[in-house]
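Observations on the three-dimensional arrangement
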Amino acid sequence: MNQRYRKTIIAGNWKMNKTPSETRALIDELKTLINRVKWCDIVLCVPFVNIPAAIKATKGFRVAIAAQNMHYEKSGAYTGEISAAMLAELGVKYVIIGHSERRQYFGETDTTVNLKVRAALEAGLRPIVCVGESLTQREQGVTLEQIRMQVKIALGGVEGTSVKRVVIAYEPIWAIGTGKTATADQAEEVCGWIRDCIREIYGARVARAVTIQYGGSMNAGNAHELLSKLDVDGGLIGGASLKAAEFAAIVNAANQ
Ligand code: PEP
């Protein structure tokens, strides 16, 4: 973390878990466990149908609510889809875009990620853009090339003034939900590389203001070490965000 230049953001990705009543219960529990937050922003990425309950339950608690996906079109014949404006009107502040599960199971591509990033920004939402390599790509030594391509395509057409509102989450696919975490040095290498890619396009001033998270089996036991790295500005946390004590411990680690 480098809190002089950018915000640390701890985001919980609940994936397809929790009903609206369970959402209220988990947030109530979190409220009792999270200390006064000074240094970091907390984001809860909940299923679409839980957004109203989450927004109501977090009133007066410094937590922003995020969606886990959106469509890039403003409106139209896209049965089952949700637009950025619909989310913004509910009070949603962030939206995850291009999570590896969406790329793997729902046909998300770098091109649709770019369309969604631009649509989210236009609607006033902050996109959390996920990038990451597969195990094969890591073993073949092409991690940095893969990340650079994903970052450059995701940010295509995004102005320098808007890019500071984009959060990038480095999520090695082999570390998501597997219990295998990247080492702090591996996370730092790739998060630093992402910042280099942003610097190349937008210059040093913009690059140092962008929040770059790590995600992939982050938990209460490894959060402190990962977050101690200069270019790791927070976490996108899946499994551990569903356990109030574990998620609160990660937030408190970022808040030191
Ligand atoms: C995620 O869903 O983005 C994630 C990182 O999951 P987990 O923490 O469970 O690996």
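Our subject is the structure that appears above.
A word on the packing of helix H5 (residues 110-122) against helix H7 (residues 143-154). Where H5 meets H7, the closest approach of the two axes is 8 Å, and the angle between their N-to-C directions is 40 degrees. The angle between H5 and H7 places the two elements in the oblique class. Two secondary-structure elements touch here, H5 through Asp110, Thr111, Val113, Asn114 and Val117 and H7 through Met149, Gln150, Ile153 and Ala154. Each residue belonging to the contact of H5 with H7 can be placed in one class, and the counts come to five nonpolar, three polar and one charged.

Tallying each qualifying case throughout the model produces two aromatic pairs. Ring geometry for Tyr105 versus Phe106: centroids 6.4 Å apart, planes at 85 degrees, classification edge-to-face. Given the relative accessible area of 56%, Tyr105 is considered exposed. When its relative accessible area of 55% is taken as the criterion, Phe106 is described as exposed. Positioned over the ring face of Phe106 is Arg102, at 4.2 Å from the centre of the ring.

This paragraph deals with the site of the ligand. Around the ligand, 14 residues are found, and the nearest of them are Lys15, Glu171, Gly177, Ser217 and Gly238. Contact distances for the ligand include 2.9 Å between an oxygen atom and a side-chain N or O atom of His99. At a separation of 2.7 Å, an oxygen atom of the ligand approaches a polar backbone atom of Gly177. Class assignment for the residues of the shell around the ligand results in four nonpolar, eight polar and two charged.

Another point: the sheet that holds strand S7 (residues 212-215). On the basis of which strands lie adjacent, the closed barrel formed by eight strands has the order S1-S2-S3-S4-S5-S6-S7-S8 and parallel pairing. Across the sheet, the mean angle from the axis of one strand to that of its neighbour is 25 degrees, orientation sign disregarded. Pairing of S7 with strand S8 (residues 234-237), which is carried by two bridges, proceeds in the parallel orientation. Within the sheet, the bridge partner assigned to Gly215 lies in S8 and is Leu236. Relative to the sheet, helix H12 (residues 244-254) contacts strand S1 (8-13), strand S2 (40-45) and S8, its axis offset from that of S1 by approximately 170 degrees.

Evaluated as defined, the whole model comprises one cavity of 30 Å³ or more. Volume-wise, the largest cavity comes out at about 50 Å³. Residue lining of the largest cavity: Gly98, His99, Ser100, Arg103, Cys130, Val131, Gly132, Gln150, Glu171, Ile173 and Ile176, and that is the complete set. Residue assignment for the lining of the largest cavity shows that the elements contributing at least two residues are helix H4 (100-105) and strand S5 (126-131). Split into classes, the residues belonging to the lining of the largest cavity amount to four nonpolar, five polar and two charged.

What counts and how
- Residues numbered from 1 in each chain as written.
- Predicted model: local features only at pLDDT ≥ 70, side-chain atom pairs only at ≥ 80, totals over all residues.
- Heavy atoms only, no water.
- Axes fitted to C-alpha atoms, helices over the stretch in contact; angles between N-to-C directions.
- Helix = DSSP H or I, 4+ residues; strand = E, 2+ residues; numbered from the N terminus.
- Parallel < 35°, antiparallel > 145°, perpendicular 65-115°, else oblique.
- Contact = heavy atoms within 4.5 Å.
- Nonpolar A, V, L, I, M, F, W, Y, C, P; charged D, E, K, R; others polar.
- Phe/Tyr/Trp six-rings, centres within 6.5 Å; stacked < 30°, edge-to-face > 60°.
- Buried < 20%, exposed > 50% of the residue type's maximum accessible area, 1.4 Å probe, protein only.
- Lys NZ or Arg CZ within 6 Å of the ring centre and 35° of its normal.
- Near = heavy atom within 4 Å.
- Polar contact = N/O pair within 3.5 Å; in protein donor to acceptor, adjacent residues only side chain to side chain.
- Pairing = 2+ DSSP bridges.
- 1 Å grid on protein atoms, 1.4 Å probe; cavity = no way out; pocket = protein on both sides within 12 Å on 5 of 7 lines; lining within 4 Å.
- Points joined across faces, edges and corners; volume = space filled by probe spheres on them.

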